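This is what each chain is made of:
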Amino acid sequence: MLSGVQRSYSAGVKRVDDRYAFPGARDASFVNSLKLTMPEDYAPIPIYRVMDRDGYVLNEQEDPQLSQEVVEKMFRDMLLLSTMDKILYESQRQGRISFYMTNFGEEASHIGSAAALEMRDVIYGQYREAGVLVWRGFRIDQFVDQCYGNDDDLGRGKQMPVHYGSKELNFVTISSPLSTQIPQAVGAAYALKRKPNNDACVVCYFGEGAASEGDAHAAFNFAATLECPVIFFCRNNGFAISTPSNEQYRGDGIAGRGPMGYGIATVRVDGTDVFAVYNAMKRAREYVLRENKPVVLEALAYRVSHHSTSDDSTAYRSAEEIEMWNTLEHPISKLKSYMVHKGWFNEKEETEFVSGVRKQVLKQIAISEKKLKPNWREMFEGVYADMPKHLLEQQRELEQHVEAHKQHYPLKSFKQ
Amino acid sequence: MNMFQAINNAMDLALEQDSSALLFGEDVGFGGVFRCSMNLRDKYGKDRVFNTPLCEQGIAGFAIGVANTGTTAIAEIQFADYIFPSFDQIVNEAAKYRYRSGGLFDCGSLTFRVPCGAVGHGALYHSQSPEAYFAHTPGLRVVIPRGPIKAKGLLLACIKDPNPCIMFEPKTLYRAAVEEVPVESYADDLGKCDILREGRDITLIGWGTQIHVLLEVADLAKKELDIDCEVIDLVSVLPWDTQTICDSANKTGRVLIAHEAPFTQGFGSELAAYIQEKCFLRLEAPIKRVTGWDTPFPHVFEPFYLPDKHRCLAALKEIINF
């Protein structure tokens, strides 16, 4: 399933005598007729899937045979994510939180990949991976408190909404600059590899747009040359804000860069098929830990969401196209069909679950909204491990100013 | 026109008047995330107005190459917070091209447009004002408009100027005030500041969004303290108008500088150092800087972070009562 890095050679081509091999391409053979190697000379890396659109398993041997309990958790987590997204999106529209990003259409990529990992595996995300946190047990109150930046926000109100992080869940705090996390993930993987009896890998999520940044190249190349147990999970959802993937690259997606480009084992999956993502991730994890080498895993999906609450994607794509991906090809409906065939689906339970989540999120919004923000003095904390003198002075200066001008500052919203 | 429309209009004129001119950046094709390039792809074609892959270092390097051939390049970096991957290309390449080649090569027909500054909820990575990093780089021009008329004149001047220019555009101003922007092409003098209000008691210096805070502070000072403020928009951060600033400092003897960027090594430091060196004997009080604090730009604490009118007014009182 993983496209190996071994190349096959066509007939009539002589192997290089090792003594005369060029150091830059030791395995390359010589030919004596000139030819440009064209992109078309390579077939696109195939898309692995387990289910068809109607939730039928195409090859029984590929059914991961997950228990009813696990499949139900997958389904419920996908529903929870989607339901929470709808409400928090609306709450931004109503001006209750300042910003939000939904995950519609990518629920299977999140849940399928997270389910195949161990909690000790370290996650570096981009910003659209809330489902991974859902699977790991990040609670609704934790999501909503972060979006409000209140005193219970683990990130202490420092960042915009959706910039989640959890030490407990091994999920490194999100940073808005794109792709910066990819080489960091490689470094973390290298350090883990050197720990005695290491049995944890690093998973780095990023989009196909982010893969255009220089950091992505650095990360792939470092991971290959320094042999790091990292899984590069590319969520190729077709859009970087408004820019479609055909203006982002001309090669065979991000998967195409793996084997030939960087010498990295690679797999491409249908990101709307939760079992395909699960199987691929499981295999990738085994491989990176066994070989201490990276894997590129490209999950193809469609960003049903607008980029964020700052974006209206109908300005650059048709509503019909979005609707198709939101119905026929939707990851949740595929898993639902699978469960129907198994006799595991119960309409009433689904409705009750969704309405329960709705109530819980709405109630949490009411609670989180009322909570105070952290003490404003915390603005100066965490810049350094200990607060240096110049920051202590600035904090004192602001304290005196605020004390003298209380009426001009929203002190009532902040802890004292 | 408001500011994003004035910028759109400036680029429209630049593309119309110079058939070599190219406009590009992330999401520029459909109009840009701030709508500054709206309709320009339809009008001038997608070979002249286009999306680039998502890569700021690529945008900067590509823009330099375009400009090397004498072609006009208008490159958008989507947010100032994301300009740093292109730092090497801008600082080591664009800024030094002419100098290092003995004048054989340059990339003077290059202009970067870079949305910057606070918006109320942008937090660490949608709020920064990184002008001081670039002001530390000989060879660049750095300008910041305060509104629509200025934005158009500065952008057209940058496009014509034979040096690589960066225009930082305070994004909160894109849809703020509407001004009567002349429809024809015009270009401002680069390197000049604007005296927005004449006064005899104290000089207030700022740029971008902060200039609107300072104008309000000047009103408050007049009303509450009967203090006459001279308000100066620096406009050009590099090179900057030393003459006008020092003339004003010599006249009033008191100077307050305010900017959103952090205190330490903010551009206010350079202004303060220069003014005290040139105007020492005329100063009646130490120069004060009111700025963002020396922390990353925080999300929920933004009301406490910004150099708002209350902090500026308090500093003004200290200077006056020194």
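Residues numbered from 1 in each chain as written. Chains lettered and ligands numbered in written order. Predicted model: local features only at pLDDT ≥ 70, side-chain atom pairs only at ≥ 80, totals over all residues.

Colleague: Before we move on, could you go through the interface of chain A and chain B and cite the residues and values that matter?
Modeller: Taken together, the contacts link 38 residues of chain A with 30 residues of chain B. With 5 residues, helix α12 (residues 389-404) of chain A is the single largest residue contributor to the side of chain A that touches chain B. Classifying every residue of the side of chain A that touches chain B gives 18 nonpolar, 16 polar and 4 charged. (Contact = placed C-beta atoms within 7 Å. Helix = DSSP H or I, 4+ residues; strand = E, 2+ residues; numbered from the N terminus. Nonpolar A, V, L, I, M, F, W, Y, C, P; charged D, E, K, R; others polar.)

Colleague: How would you explain the UniProt feature "domain: Dehydrogenase E1 component" (unreviewed entry) in chain A if you had to name every residue and give the values?
Modeller: Per the UniProt record, the feature "domain: Dehydrogenase E1 component" (unreviewed entry) sits at residues 77-375 of chain A. Span residues 77-375 of chain A is 45% helix and 11% strand, its end C-alpha atoms 34 Å apart. (UniProt positions renumbered as here; feature names shortened; annotations may be inferred.)

Colleague: Break down the confidence of the model for chain B for me, citing the residues and quoting the values.
Modeller: A residue-level look at chain B finds 100% of positions with pLDDT of 70 or above and a mean pLDDT of 98. Taken together, the chains of this predicted complex give a pTM of 0.95 and an interface ipTM of 0.96. (pLDDT = per-residue confidence, 0-100.)

Colleague: Give me the lowdown on the domain arrangement of chain A, citing residues and values where you can.
Modeller: For chain A, the domain assignment lists domain 1 (60-120 + 179-370) and domain 2 (376-413). Inter-centroid distance (C-alpha atoms) of domain 1 of chain A to domain 2 of chain A is 39 Å. (Domains from an automatic or database assignment.)

Colleague: I'd like to hear about the confidence of the model for chain A, residue by residue, with values.
Modeller: Model confidence for chain A is summarised by a mean pLDDT of 95, while 95% of its residues fall at 70 or above. Below a pLDDT of 50 lies the segment residues 7-12 of chain A, which in the model reaches 1 contact outside its immediate sequence neighbourhood of four places, other chains included.

Colleague: Describe the sheet that holds strand β11 (residues 255-262) of chain B, with residues and values.
Modeller: Residue and element names in this part refer to chain B. Spatially, 5 strands are ordered β7-β9-β8-β11-β12 in an open sheet, and the strand pairing comes out mixed. Sheet topology places β7 (194-197) and β12 (288-292) at the edges, where each strand pairs with a single neighbour. Each neighbouring strand pair of the sheet contributes to a mean axis angle of 25°, computed without reference to strand direction. Looking at chain direction, strand β8 (residues 202-206) and strand β9 (residues 229-233) are connected through 5 bridges and run parallel. By the bridge assignment, leucine 204 is partnered in β9 with valine 231. The strands that helix α9 (residues 242-252) touches are β7, β8, β9 and β11; relative to β8, the one it contacts most, it runs at about 150°. Its contacts with the sheet place helix α10 (residues 267-279) against β8, β11 and β12, and it is angled at close to 155° to β11. (Pairing = 2+ DSSP bridges. Axes fitted to C-alpha atoms, helices over the stretch in contact; angles between N-to-C directions.)

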